[in-house]
Amino acid sequence: MQRASTIARQLTAAAGARKPVCLVVGAGDATGGAVARRFARDGFTVCVVRRNEGKLAGLVDAIRADGGAVVPFGCDARRE
């Protein structure tokens, strides 16, 4: 089984993007945040989504402090 980051890199390359991008919906304080941090460490630009965008500040700061690229979004995925 391939790692998710490997699959995402392949999909990004096929789409012609310069840097791989990952979307993490439900990027909270536990599992979603850990997933986002892992993809950022692996060189992805991480788009993190949470219902309350303000609650993403700590995660965004942590990823950026580690040299990662992150874009926060506030969105209720149950309604999108």
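Structure's up top.
This text gives an overview of the structure that appears in the document. Predicted, not measured: the structure shown is a model, and the values here were computed from it.

## Remarks on helix 2 (residues 31-41)
All buried positions along helix 2 are accounted for by Gly-32, Gly-33, Ala-36, Phe-39 and Ala-40. Down the axis of helix 2, the smallest arc covering the buried residues is 130°, so these residues share one side. Among the exposed residues of helix 2, those oriented more than 90 degrees off its buried face are Thr-31 and Arg-41. After helix 2 finishes, the residue Gly-43 shows a positive phi value of roughly 95°.

## Focus on the nonpolar core
Grouped together as the largest cluster of nonpolar side chains are 14 residues, with contacts concentrated most on Ala-36, Val-46, Val-48 and Leu-59. Put simply, the parts of the chain that give this core at least two residues each are strand 1 (21-25), helix 2, strand 2 (45-50) and helix 3 (57-65). Excluding its chain neighbours within four sequence positions, the residues that come into contact with Val-46 are Cys-22, Val-24, Ala-36, Phe-39, Ala-40, Ala-69, Val-70 and Val-71.

## Thoughts on the pairing of strand 1
Side chains on a regular strand alternate between the two faces of the sheet. The side-chain alternation of strand 1 yields one buried face, formed by Cys-22 and Val-24, and one unburied face, formed by Val-21, Leu-23 and Val-25. Judged from the 5 bridges that link them, strand 1 and strand 2 form a sheet pairing that is parallel. By the bridge assignment for strand 2, Leu-23 is matched with Cys-47. The handedness of the strand 1 to strand 2 crossover, carried by helix 2, is right-handed.

Rules behind the numbers
Residues numbered from 1 in each chain as written. Predicted model: local features only at pLDDT ≥ 70, side-chain atom pairs only at ≥ 80, totals over all residues. Heavy atoms only, no water. Buried < 20%, exposed > 50% of the residue type's maximum accessible area, 1.4 Å probe, protein only. Helix = DSSP H or I, 4+ residues; strand = E, 2+ residues; numbered from the N terminus. Arc of directions from axis to C-beta. Core = buried A, V, L, I, M, F, W, Y, C linked by side-chain atoms within 4.5 Å. Contact = heavy atoms within 4.5 Å. Pairing = 2+ DSSP bridges. Right-handed = clockwise from strand over helix to strand, strands pointing away.

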